[in-house]
There are 2 protein chains.
Amino acid sequence: MSTTLPGTAPTDEPAAYEPTGRTAPSRSRDRVSYDRDLVHSILDEAYVCHLGFVRGGAPVVLPTLFGRIGERLYVHASTGSGQARAADPGLEVCLTVTHVDGLVLARSAFHHSLNFRSVVVHGTAHRVTDRDELREALDALVDQVVPGRSRDSRPANAKELAATAVLRLDLAEVSAKVRTGGPNDDPEDLGLPYWTGVVPVTPAYGTPIPAETLAPGIAVPEYVTAL
Amino acid sequence: MSTTLPGTAPTDEPAAYEPTGRTAPSRSRDRVSYDRDLVHSILDEAYVCHLGFVRGGAPVVLPTLFGRIGERLYVHASTGSGQARAADPGLEVCLTVTHVDGLVLARSAFHHSLNFRSVVVHGTAHRVTDRDELREALDALVDQVVPGRSRDSRPANAKELAATAVLRLDLAEVSAKVRTGGPNDDPEDLGLPYWTGVVPVTPAYGTPIPAETLAPGIAVPEYVTAL
C-alpha cells in the first residue's frame, strides 16, 4: 500500500536500503537491488509473504497475509503457531515475497530459469499492541488483498481487534532480486535444434463469484473489476 | 512431476503422511490434510518453493526452484548462500509451497481471507553427490518448470553437473493446508450493504517470446502451448 501513516516522513528516506552482511549478494550481483521504490512495488503486488522463524532450533516457513504502511510491514500472525507469543519481546524473522514473471527455456537444461522479482526482509518482528496501530494494520492487510476494500467493509470491532495477532516488521535490512530477459545459453549451444525463449506468467483474475448470501442489487465494486 | 524413479514402489506407500508435533494443526483443523495425492498435486503445480533454514541462529527464507521424483524433493541450492556447504552432513530445512486460488472478500474486514493451497515439508536436506541421481534431479527441476521439457533440451554435461548443488529432501514430515469456498461472515453482518464473494486467481501464460537467437523454423513445442 502506498499510504503512509501520519507522522512518518517518507521524503526524508534515502532512495535505497543499506546493504548488510545478510543482504549482500553472494552471487548474481547484477540481479540484486536495494532500491526502495522497487522493494515497495514488489511487496505491494503480493497477497502473501512467506514468513520464516526459528522454533525449537528448526526453521519454520508459513504463508501469511501481510500489508505495508510506509516502511512498516504488518504480518497476520497465527496465534496458535507460537509466532504471536514469541513476538514479545521480539521474534527474529525473515519475510520473503516472490513473483514469477516468466518461464525461461534455454537450449541446455542447465540454463533453464525463471524470470522473477523477490524481496527478502530480515529483522525482529514485534507484536502490535497499540489499538490504533492495530486498526491501521488490519486495514493495510485488507487493502493488500484488494486495494480500496478496507473503506468498503465493516471495520474490526473491539472483540475482533483483541482476537487478532499482528506482527510489525520494519523495512531496514532489505534486498530485492530481479531476473528479466531471455535465456543465457552458452555460445556453443546456439545451434541446437530446441525451441528457446520465455513464457510470460501473470496472475489472472476470474469473474467474481458473489457469496450465496449476497443481497440482490449490490453490484461488483469498481475496485474489484479494476483488478 | 508424476514420474517415479525405477526402484521406488509408490503402491506400497500409505495414502497419507503421518502427523507429527510440527505438522499437527494448532488451529483450523478442518483445513489441514496429510493426503499424499493432495500433497503431490500442490507441489507439482508450483514453479518455486520457499526454502527456510537457520544461519547464525536467524531464519533465512529464499525462493528456490525444485522438482519432485516420487517421495523425494530436489531443491536447487545456491552455492553461495551457505545452503550447499551446510547440507553436509545435513541441513534442517522447512520447504513451503503456496498457491493463491482466490481473494475472499467478506463484509467484515476481520473475515477477509484468501483461498489457497499450501504444503509445508520439514526435514533434513542432504546434498546430492551421486552422479546419476544428480542427473535425474536436474531433469526433475526442468520438468517442474515445463513438464516434458527435459527431453527436449541438452542434458547437463559433466562440467555443469559439477557446478550444480542440489539438495534432496524426503517427503516424510509433511502437511497440506487448503481453504476453499466463500466468505465466513458472522450472522449479524449478513445484512450489511457491502459486496461479498470470491475473486478467483489463476496463473495465466502469455504468448511465448522466442529468444533473439532462435533459428527460423523451430516452432513453439506442444508442451509449451499446452501450459
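Summarised in this report is the structure supplied together with it. (Residues numbered from 1 in each chain as written. Chains lettered and ligands numbered in written order. Predicted model: local features only at pLDDT ≥ 70, side-chain atom pairs only at ≥ 80, totals over all residues. Heavy atoms only, no water.)

Observations concerning the overall build of chain A
Here is the rule we go by: By definition, any uninterrupted DSSP run of H or I lasting at least four residues is a helix, any uninterrupted run of E lasting at least two residues is a strand, and each is numbered from the N terminus. Here the term buried applies to any residue with accessible area under 20% of the maximum for its type, exposed to any over 50%, and partly exposed to those in between, with areas from a 1.4 Å probe on protein chains only. In what follows, a contact means two residues having at least one pair of non-hydrogen atoms within 4.5 Å. The Shrake-Rupley method, run with a 1.4 Å probe, gives the accessible areas here. Residue values count only the displayed protein chains as cover. Note on charges: Lys and Arg go in the positive column, Asp and Glu in the negative column, and His and the chain ends are not counted at all. A single reference atom marks each charge: NZ on Lys, CZ on Arg, CG on Asp, CD on Glu.
Helix and strand content of chain A: five helices and ten strands. Its C-alpha atoms give chain A principal-axis dimensions of about 65 × 50 × 40 Å. Within chain A, the proportion of its 227 residues that are buried is 53%. Sequence separation of at least 24 residues holds for 72% of the intrachain contacts in chain A that already meet a minimum separation of 6. When the accessible surface of chain A is split by element, carbon and sulfur atoms take 53% of a total near 9900 Å². Once the 21 positive and 28 negative side-chain charges of chain A are each reduced to a mean point, those two points are 5 Å apart.

Regarding helix α1 (residues 36–44) of chain B
Residue and element names in this part refer to chain B. Short version of the rule: The directions from the helix axis to the C-beta atoms are what the arc is built from. Here a polar contact is recorded for every N or O atom pair within 3.5 Å, except that within protein the pair must consist of a potential hydrogen donor and a potential acceptor, and residues adjacent in sequence are included only if both atoms are side-chain atoms.
Turning to α1, its buried residues number three or more, namely R36, V39, H40, I42 and L43. The buried residues of α1 all sit within an arc of 165° when viewed along its axis, so they share a single face. On its buried side, α1 packs onto β3 (58–69), β4 (72–77), β5 (91–105), β6 (113–127), α3 (131–145) and β8 (173–179). Sitting at the amino-terminal end of α1 is D35, which places a side-chain oxygen 3.2 Å from the backbone nitrogen of D37.

Structural notes on helix α3 (residues 131–145) of chain A
Keep this limit in mind: An expected span of 1.5 Å times one less than the residue number is assigned to each helix.
Compared with the 21 Å implied by 1.5 Å per residue over 15 residues, the 22 Å span of α3(A) between its first and last C-alpha is a close match. Of all the residues in α3(A), the buried ones are E133(A), L134(A), A137(A), L138(A), A140(A), L141(A), V142(A), D143(A), Q144(A) and V145(A).

Observations regarding the environment of R72(B)
All names here are of chain B. Structurally, the position occupied by R72 is in strand β4. What makes R72 partly exposed here is its relative accessible area of 26%. Within polar-contact distance, the side chain of R72 engages the side chain of Y74 at 3.4 Å.

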